[in-house]
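# Structure at a glance
Each chain, written out:
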Amino acid sequence: MVGLIGAMAVEVESLMAQVEDKQETRIGMDVFVSGKLFGKDAVLAVCGPGKINAALCAQSMIQHFHPEWVLNLGVAGAGESSVSIGDMVIATAAVQHDCDTSPIGDPVGLVSKINLVELPCDEALRARLVKAAEVLTDVKVHEGIIATGDQFINKGDVRQRIHELFHAKAVEMEGGAVAHACYMHGVPCGVLRSISDQADGHSDMDYPTFVKLAADHSVKVVEQLLRQA
Ligand code: ADE
C-alpha cells in the first residue's frame, strides 16, 4: 500500500476517480479513499491546506493504513526566478520556513524535538519520481529543497528571504509537515510539486489561472510512477 496526500481536491480528485474497488474510511474529519490505483494498492486523501491539517492527515494515514511510503503531491509557488510556472520540483528534502526559535540560539527553520532543519525525503522514491517525470516531455524538472509554511507567499521579498535561508526551489504549505509526520514514524516520504505561480506580486492572478494545469502535471507523474513499479 502506498499513500498519496494532496492539500486540495484539484490536486488528487482525478486520481481518486480512477481508484478501483474503492473504500472510504473516515478518521476525524479526514476521508481516506483506498483501493487499486493503476494496479497498486493505494490510499489517497485531501488533507486541506496548511501544516497541521497535513501532519494530522499523514499521521492518521500512517497509523491506519501502514503505507510503505507517503507522497505529498500538488502545486507550489516558485522558490526562485529560474523556476517557472508549469515546471516540476521534486524534493531532496523539505523545510518548515516558519519555524523560528533563532532568538534563543537555534538556526532558523529548526524543527524542535526532532532537531532537524531539513526533513529528509526518501532517495529511492525521489529517483523513481525523477524517472516518472520524464513522461512530461516539455516540462523542466528541478530537484531541491521545498519550503513549507502556513502562508501563501505573494511577495517577492518574502520569497527571496526563504530562498536565501534555505535555497528553496518551491514554496508551499504542506510538504514539510507530511515529511515531519513521516520522519516521526520512520515512513519514507516524497514531495512532488508543480509550479502554479511565482510566489510574487502576481500570484493572486497566476495561482487561479494555472492551478489546474500545474495539478495535472503532478497527477501525470504519479500515474507514471505507479504504472512503472
Ligand atoms: N501553493 C501554490 N502557490 C503557493 C504560494 N505562492 N505560496 C504557498 N503555497 C502555494
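Residues numbered from 1 in each chain as written. Predicted model: local features only at pLDDT ≥ 70, side-chain atom pairs only at ≥ 80, totals over all residues. Heavy atoms only, no water.

Time to look at the overall build of the chain. For the chain, the helix and strand inventory stands at six helices and ten strands. The globule rule puts the C-alpha radius of gyration for 229 residues at 17 Å, and the 16 Å found for the chain is close to it. Counting only C-alpha atoms and orienting by the principal axes, one finds that the chain spans roughly 50 × 40 × 30 Å. Burial analysis of the chain (229 residues in total) assigns 54% to the buried set. By sequence separation, contacts in the chain at least 24 residues apart represent 77% of the contacts at least 6 residues apart. (Helix = DSSP H or I, 4+ residues; strand = E, 2+ residues; numbered from the N terminus. Rg over C-alpha atoms; globule rule 2.2 N^0.38 Å. Buried < 20%, exposed > 50% of the residue type's maximum accessible area, 1.4 Å probe, protein only. Contact = heavy atoms within 4.5 Å.)

In this section: helix 5 (residues 175–185). Along helix 5, eight of the eleven residues are buried, which leaves the element largely enclosed by surrounding structure. For helix 5, the set of buried residues is Gly 175, Gly 176, Ala 177, Val 178, Ala 179, His 180, Ala 181 and Cys 182. Among the residues trailing helix 5, Gly 186 stands out with phi positive, at a value near 65°.

Within the element layout of this structure, His 163 appears in helix 4 (residues 156–166). There is a polar contact of 3.5 Å between the side chain of His 163 and the backbone oxygen of Gly 79. Apart from residues lying up to four places away in sequence, His 163 is in contact with Gly 79, Glu 80 and Ala 168. (Polar contact = N/O pair within 3.5 Å; in protein donor to acceptor, adjacent residues only side chain to side chain.)

All right, on to the site of the ligand then. By nearness alone, 13 residues border the ligand, and Gly 77, Phe 152, Ile 153, Glu 172 and Asp 197 come closest of all. Here a nitrogen atom of the ligand sits 3.2 Å away from a polar atom, N or O, in the main chain of Gly 77. Here a nitrogen atom of the ligand sits 2.8 Å away from a polar atom, N or O, in the main chain of Ile 153. According to the grid-proximity analysis, the pocket containing the ligand is the largest pocket. Of all the secondary-structure elements, those providing two or more residues to the shell around the ligand are strand 5 (70–78), strand 9 (168–172) and strand 10 (189–197). (Near = heavy atom within 4 Å. 1 Å grid on protein atoms, 1.4 Å probe; cavity = no way out; pocket = protein on both sides within 12 Å on 5 of 7 lines; lining within 4 Å. Sits in = over half its atoms within 2 Å of the grid points.)

Glancing now at the packing of helix 2 (residues 51–65) against helix 5. Between helix 2 and helix 5, whose axes approach to 8 Å, the crossing angle comes to 35°. In this structure, the crossing between helix 2 and helix 5 has a hand that is right-handed. Along the contact surface, helix 2 presents Lys 51, Ala 54, Ala 55, Ala 58, Gln 59, Ile 62 and Gln 63, while helix 5 presents Ala 177, Val 178, Ala 181, Cys 182 and His 185. Of the residues contributing to the contact of helix 2 with helix 5, the split by class is eight nonpolar, three polar and one charged. (Axes fitted to C-alpha atoms, helices over the stretch in contact; angles between N-to-C directions. Left-handed = near helix turned anticlockwise from the far one by under 90°. Nonpolar A, V, L, I, M, F, W, Y, C, P; charged D, E, K, R; others polar.)

This brings us to the packing of aromatic side chains. What the rule picks out here adds up to two aromatic pairs. On the numbers, 5.5 Å between centres and 50° between planes, the contact of Phe 32 with Phe 65 is tilted. You can see Phe 32 sitting in strand 3 (residues 30–37) and its partner Phe 65 sitting in helix 2, a full 33 residues away along the chain. Owing to a relative accessible area of 0%, Phe 32 belongs among the buried residues under this scheme. (Phe/Tyr/Trp six-rings, centres within 6.5 Å; stacked < 30°, edge-to-face > 60°.)

Approximately 230 Å³ is the volume attributed to the largest pocket. Looking at the largest pocket, it is lined by 17 residues, and the ones nearest its centre are Val 75, Phe 152, Glu 172, Met 173 and Tyr 207. Secondary structure elements with two or more residues in the lining of the largest pocket: strand 5, strand 9 and strand 10. For the lining of the largest pocket, the leading source of residues is strand 5, giving three residues. (Points joined across faces, edges and corners; volume = space filled by probe spheres on them.)

In terms of nonpolar packing, the biggest core is built from 35 residues, with Ile 5, Phe 32, Met 61, Val 70, Val 178, Cys 182 and Ile 195 touching the most fellow members. Elements with a minimum of two residues in this core: strand 4 (40–46), helix 2, strand 5, strand 6 (88–96), helix 5 and strand 10. Contacts of Cys 182, omitting those with residues within four sequence positions, involve Ile 62, Val 70, Val 187, Pro 188 and Cys 189. (Core = buried A, V, L, I, M, F, W, Y, C linked by side-chain atoms within 4.5 Å.)

Attention now moves to unusual backbone geometry. The phi dihedral of Phe 38 falls on the positive side, at around 50°, and the residue is not glycine. Mapped onto the secondary structure, Phe 38 falls in the loop between strand 3 and strand 4. On the basis of relative accessibility, which here comes to 14%, the residue Phe 38 falls in the buried class.

This next bit is on the pattern of salt bridges. Oppositely charged side chains may form a pair once their charged atoms are brought near each other. According to the stated counting rule, one finds ten salt bridges in the structure shown. Residue Lys 169 is joined to Glu 80 by a salt bridge in which the shortest nitrogen-to-oxygen separation is 3.1 Å. Taken together, the residues Lys 169 in strand 9 and Glu 80 in the loop between strand 5 and strand 6 connect sequence positions 89 residues apart. For Lys 169, a relative accessible area of 21% corresponds to the partly exposed category. Of the charged contacts in the structure, one is a salt bridge between Glu 143 and Arg 126, with a shortest N-O distance of 2.6 Å. With Glu 143 in strand 8 (residues 141–148) and Arg 126 in helix 3 (residues 123–132), this residue pair connects regions lying 17 residues apart in the sequence. (Salt bridge = Lys/Arg side-chain N within 4 Å of Asp/Glu carboxyl O.)

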